[in-house]
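In case you want the letters, here they are:
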Amino acid sequence: GIVLKLVSLYEKLKPQIGTLHKEVTFTVLNEIAHTATIIAKNTSLLTPEEFKDIKEIVFFSFGYESENEKSDDDEASPSRGYSPTPRINSAEALALIAARESSPENVNKVMQALEHPNGIVRFNGSRHLQDIIESQETIFYPLLLRKIKTERDAMIASSYLTSLSQIPYDEKKANEI
């Protein structure tokens, strides 16, 4: 199905990166990353092999720095709109991947997105934290508290607060905020 076709396109593109025009690489990889992120929203429907393939695409896309990002303003807010990049698109899928498979590698990728200097990457990285917050509470609860206190962008901070609200209520923890 669609995952097999996406993987085929990705496998054809990957060895060509560096030889294709940068804008062609950017456009194709951006669409691959976007499609993989949409598919990741339903990881429970993926076979183990499909999940492995989607994870590889998402991780590669998250690590890809396009020319477009080199000139991006790290202080840009998602509230003012933004143009997607492979990294921005794939950042949204990281928590979804960690929700299905909470390995140290997967959790670390989510942490990288939440600590990224670019606010739009942080925002997209936080969009599905509610899917992993309960199972990874010891890692993400202290991080969310710190991020809520230090995040300068209101839209990103509100995304952290939304994730925090998914943890079962504990008065002692609520008072920490």
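Residues numbered from 1 in each chain as written. Predicted model: local features only at pLDDT ≥ 70, side-chain atom pairs only at ≥ 80, totals over all residues. Heavy atoms only, no water.

A. Spotlight on the nonpolar core. In terms of nonpolar packing, the biggest core is built from 45 residues, with I54, V58, V110, L129 and F140 touching the most fellow members. If you tally residues by element for this core, the top one is helix α5 (residues 86-100), at eight residues. The contact partners of L129, leaving out residues within four places of it in the chain, are A95, V110, L114, F140, L144, Y160 and S163. (Core = buried A, V, L, I, M, F, W, Y, C linked by side-chain atoms within 4.5 Å. Buried < 20%, exposed > 50% of the residue type's maximum accessible area, 1.4 Å probe, protein only. Helix = DSSP H or I, 4+ residues; strand = E, 2+ residues; numbered from the N terminus. Contact = heavy atoms within 4.5 Å.)

B. Representation of the packing of aromatic side chains in the model. One pass over the full model with this rule turns up two aromatic pairs. Centroid distance Y10 to F60: 5.8 Å. Interplanar angle 70 degrees. Geometry classified as edge-to-face. Placement of the pair is Y10 in helix α1 (residues 2-13) and F60 in helix α3 (residues 48-63), with a sequence separation of 50 residues. The exposure class assigned to Y10 is buried, which follows from its relative accessible area of 3%. Exposure remark for F60: the relative accessible area of 25% places this residue in the partly exposed category. What links up through ring pairs into an aromatic cluster is the set Y10, F60 and Y64. When the ring centre of F59 is taken as origin, the NZ or CZ atom of K109, which lies over that ring, is 5.2 Å away. (Phe/Tyr/Trp six-rings, centres within 6.5 Å; stacked < 30°, edge-to-face > 60°. Lys NZ or Arg CZ within 6 Å of the ring centre and 35° of its normal.)

C. Inspection of the pattern of salt bridges at higher detail. If you walk through the whole model with that rule in mind, you get 10 salt bridges. Note that R146 and E115 form a salt bridge whose closest N and O atoms lie 2.3 Å from each other. Residue R146 is found in helix α8 (residues 137-150), and its partner E115 is found in the loop between α6 (104-114) and α7 (119-126); the two are separated by 31 residues along the sequence. One salt bridge in this structure joins E115 and K147, with 3.8 Å as the shortest N-O distance. In this pair, E115 is assigned in the loop between α6 and α7 and K147 in helix α8, connecting sequence segments 32 residues apart. On the accessibility criterion, K147 (7% relative accessible area) is buried. (Salt bridge = Lys/Arg side-chain N within 4 Å of Asp/Glu carboxyl O.)

D. How the structure looks around the environment of E151. Residue placement: E151 occurs in the loop between α8 and α9 (154-164). Sequence separation between E151 and A113 is 38 residues, and the spatial gap between their C-alpha atoms is 14 Å. Non-local contacts of E151, meaning those with residues more than four positions away in its chain, are made with R122, I156, A157 and Y160. Only 2.9 Å separates the side chain of E151 from the side chain of R122, close enough to count as a polar contact. A polar contact is formed between the side chain of E151 and the backbone nitrogen of D153, at a distance of 3.2 Å. (Polar contact = N/O pair within 3.5 Å; in protein donor to acceptor, adjacent residues only side chain to side chain.)

None of this, on its own, says anything about what the molecule does.
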